[in-house]
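Observations on chain architecture
One letter stands for each residue in the lines below.
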Amino acid sequence: MNAFNYTVSEYLRNFINGEFVDSNSKERFEFLNPSNNKILGTIPAGSEKDVDMAVKAARKAFESWRNMSMSKRSEMLHEVARLIRKYKEELARIETLNVGIPISQTRSQVERAAENFDFFADMLTKLSEEVYVDDDKFINYVIRSPIGVAGLITPWNTPLMLETWKIAPCLAAGDTCVLKPAEWTPMSANKLAEIMQEAGIPAGVFNIVHGIGELSGAALVAHPYVRLISFTGETVTGMEIMRNGASTLKRFSMELGGKNPAIIFADADLKRALDAVIFMAYSLNGERCTANSRVLIEESVYDEFLSMLAERVEKIRIGDPFDERTELGPLVRPEHWQRVKNYIDIGIKEGAKLLYGGDRPKGFDEGNYLSPTLFADGNSEMKIFKEEIFGPVLLAMKFKNEEEAISLANDVVYGLTAYIWTKDVERANRLAQAIEAGMIWINSHNVRDLRTPFGGAKYSGIGREGGKYSFDFYMETKTVQVALGRHKIPTFGVI
Ligand code: NAD
């Protein structure tokens, strides 16, 4: 079905101390092409020993990497960005092949991956800190220093973009790292390692250990030399990681799940809201932490908006992710397809009205294809209202007034994003204050400014990355207090 003919390096290795190396473990497992579930290749089930080797390489490299001049480090990271752009098409194709996201969307993600490196390379040279002068007695100033080895653990939904979102600020901060990519989608990480080599990033600064979360991921979390863990993934995995990292007192950044609302008031520009809601529900195959998987619609425009929605969802172009026109590709794995399908069945049992989709589309007998699915008449008791499905499934329900909209928006354990659609500026800002979420967009879909903090409230995460917040996480903040004169010092023991 797909005409893609990139020769896959079927036997992926770990990347440790600047080289691709075999694992100490003989065990390997397969990763698949979501379009047909044929095997694309294998990765090692990275062992504790692999993790230890990678962490030690990163620890050794830390000494010189942290001391490299800022301008040199910045230059090297810009070079990584340049090379990501040079290999943009290849990277986008790898990502589409391995994840199933349509090529037009993976291209944007690769561009974002390059931007991540450019952005943090620039930011590194522009960081400023606080200084406090205490009359003529003291000058107190703040400096930041790199911390050491970071463990970066990433999910399968947008592998390259999320990996670079962590790697770029981590290296810019002067830390070194070991990346544990998601086991289903390891391909682009290895291409990134080749890029690191070509960019001249010193051996040991960036390492990869593949494998199963509960083994190689857990070993990384438990390793005493690893000082920081930046994790993106499911909330329950985040909880487990925090438990496992407690005995070595890790610093954590947790970017977790979401069940985000789009709230449509009757006075909104309904056409723009419609475009945005559809994009934020079905782009990236709906496998998107910031997806608006719940659309809350004001009663007076509920029927109108819903019928516009149904009409458009029906026309979403599902197909070969290598086809430039495809809008929705196959889900990442058969196991994930089944998980999403189970939620759809639950939604039907719970009494939500299935307006479109709900199953495999006609003509797609192989691969993990699922029609874009639209439910209406939801209520807040439903599982499909409360739980993250992480697929192309949107649930619509109505609200009477502002208070009810806020209460429904907040009636889930998650709090990652919310999208508010209204022309009433005061109301929009009241909602922005009242909704429990880390990021709110007013009259917009998710458009990121890399300078702003990214992260979630409640069960959607702990901490923020992005802009200077990434440096807060990846660096130690130190205060230096300097006496300017001969201030009074207590004189214990002097009679
Ligand atoms: P997951 O939690 O199953 O796995 C994420 C990573 O953690 C993988 O690399 C996995 O191998 C590893 N892992 C699993 N168990 C581990 C353990 N005990 N110790 C260490 N590592 C372990 O998540 P997933 O299914 O790959 O991704 C989907 C989830 O990610 C969704 O919940 C989605 O909302 C979330 N996500 C959040 C954001 C965000 O920024 N908030 C972005 C993208 C995805």
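Residues numbered from 1 in each chain as written. Predicted model: local features only at pLDDT ≥ 70, side-chain atom pairs only at ≥ 80, totals over all residues. Heavy atoms only, no water.

For the rest of this paragraph, the subject is the packing of helix 5 (residues 159-172) against helix 15 (residues 467-474). Two numbers describe how helix 5 lies on helix 15: the axes approach to 9 Å, and their chain directions differ by 65°. As judged from the angle between their axes, helix 5 and helix 15 are roughly perpendicular. In this structure, helix 5 meets helix 15 at a crossing whose hand is right-handed. In contact with Lys 166, Pro 169, Cys 170 and Ala 172 of helix 5, helix 15 contributes Ser 470, Phe 471 and Tyr 474. When its residues are assigned to classes, the contact of helix 5 with helix 15 shows five nonpolar, one polar and one charged. (Axes fitted to C-alpha atoms, helices over the stretch in contact; angles between N-to-C directions. Helix = DSSP H or I, 4+ residues; strand = E, 2+ residues; numbered from the N terminus. Parallel < 35°, antiparallel > 145°, perpendicular 65-115°, else oblique. Left-handed = near helix turned anticlockwise from the far one by under 90°. Contact = heavy atoms within 4.5 Å. Nonpolar A, V, L, I, M, F, W, Y, C, P; charged D, E, K, R; others polar.)

All right, on to the pairing of strand 12 (residues 260-264) then. Remark: a regular strand shows side chains that alternate across the two faces of the sheet. Where burial is concerned, most of strand 12 is hidden: five out of the five residues are buried. The two faces of strand 12 match: Asn 260, Ala 262 and Ile 264 on one face and Pro 261 and Ile 263 on the other face are all buried. The pairing of strand 12 with strand 18 (residues 417-421) spans three bridges and is parallel. Its bridge partner being in strand 18, Ala 262 is matched across the sheet by Tyr 419. (Buried < 20%, exposed > 50% of the residue type's maximum accessible area, 1.4 Å probe, protein only. Pairing = 2+ DSSP bridges.)

To continue, consider the site of the ligand. Of all residues adjacent to the ligand, which total 28 residues, the nearest are Lys 180, Glu 183, Thr 237, Leu 256 and Glu 388. Contacts to the ligand include Glu 183, whose side-chain N or O atom sits 2.5 Å from an oxygen atom. Between Thr 237 and the ligand, the recorded distance is 2.6 Å, taken from a side-chain N or O atom to an oxygen atom. Coverage of the ligand by the protein chains reaches 93% of its 850 Å² of free accessible surface. (Near = heavy atom within 4 Å. Polar contact = N/O pair within 3.5 Å; in protein donor to acceptor, adjacent residues only side chain to side chain. Areas by Shrake-Rupley, 256 points an atom, 1.4 Å probe, with all protein chains shown as cover.)

All right, on to helix 11 (residues 334-350) then. Its 17 residues give helix 11 an end-to-end C-alpha distance of 24 Å, which sits within 8% of 24 Å, the value for a rise of 1.5 Å per residue. By the burial criterion, the buried members of helix 11 are His 336, Trp 337, Val 340, Lys 341, Tyr 343, Ile 344 and Gly 347. The arc that holds every buried residue of helix 11, seen down its axis, measures 155°, which confines them to one face. A positive phi of about 100° marks Gly 351, the residue just after helix 11. (Expected span 1.5 Å × (residues − 1). Arc of directions from axis to C-beta.)

Our focus in this paragraph is the pattern of salt bridges. With the rule as written, the count across this model stands at 32 salt bridges. Across the pair Glu 476 and Arg 251 runs a salt bridge whose closest N-O atoms are separated by 2.9 Å. Here Glu 476 is found in strand 22 (residues 475-483), whereas its partner Arg 251 is found in strand 11 (residues 251-255), with 225 residues between them in sequence. Arg 251 sits in the partly exposed class, given a relative accessible area of 27%. Between Arg 427 and Asp 267 there is a salt bridge whose closest N-O contact spans 3.2 Å. A residue pair is termed long-range when its members are at least 10 positions apart, and Arg 427 in helix 14 (residues 425-434) and Asp 267 in the loop between strand 12 and helix 9 (270-282) qualify at 160 residues. Note on Asp 267: relative accessible area 28%, which makes it partly exposed. Through salt bridges with shared partners, a single network forms among Arg 85, Lys 88, Glu 111 and Asp 118. (Salt bridge = Lys/Arg side-chain N within 4 Å of Asp/Glu carboxyl O.)

With that out of the way, let us pick up unusual backbone geometry. The backbone of Asn 37 shows a phi angle near 60°, a positive value even though the residue is not glycine. Along the chain, Asn 37 falls in the loop between strand 3 (28-32) and strand 4 (39-44). We classify Asn 37 as partly exposed; its relative accessible area is 24%. Even without being glycine, Asp 377 reaches a positive phi, approximately 55°. By the secondary structure assignment, Asp 377 is in the loop between strand 15 (373-376) and helix 12 (383-386). You can call Asp 377 partly exposed: its relative accessible area is 38%.

Let's shift gears to the side chain of Asn 207. Mapped onto the elements, Asn 207 comes out in strand 9 (residues 206-208). By relative accessible area, which is 0% here, Asn 207 ends up buried. Beyond its immediate sequence surroundings of up to four residues, Asn 207 is in contact with Phe 15, Ile 16, Asn 17, Ala 54, Ala 57, Ala 58, Cys 177, Val 178 and Leu 179.

On to the sheet that holds strand 6 (residues 138-146). Strands sit in the order 5-6-22 across an open sheet of three strands; the sheet is antiparallel. With partners counted over all chains shown, the strands left at the sheet margins are strand 5 (131-134) and strand 22, one partner each. Within the sheet, the average angular offset between the axes of one strand and its neighbour, ignoring direction, is 20°. Pairing analysis gives nine bridges linking strand 6 to strand 22, with the strands arranged antiparallel. Bridge assignment links Ser 145 to a residue of strand 22, and that residue is Glu 476. Sitting on the sheet, helix 15 is in contact with strand 6 and strand 22, with an inclination near 85° to strand 22.

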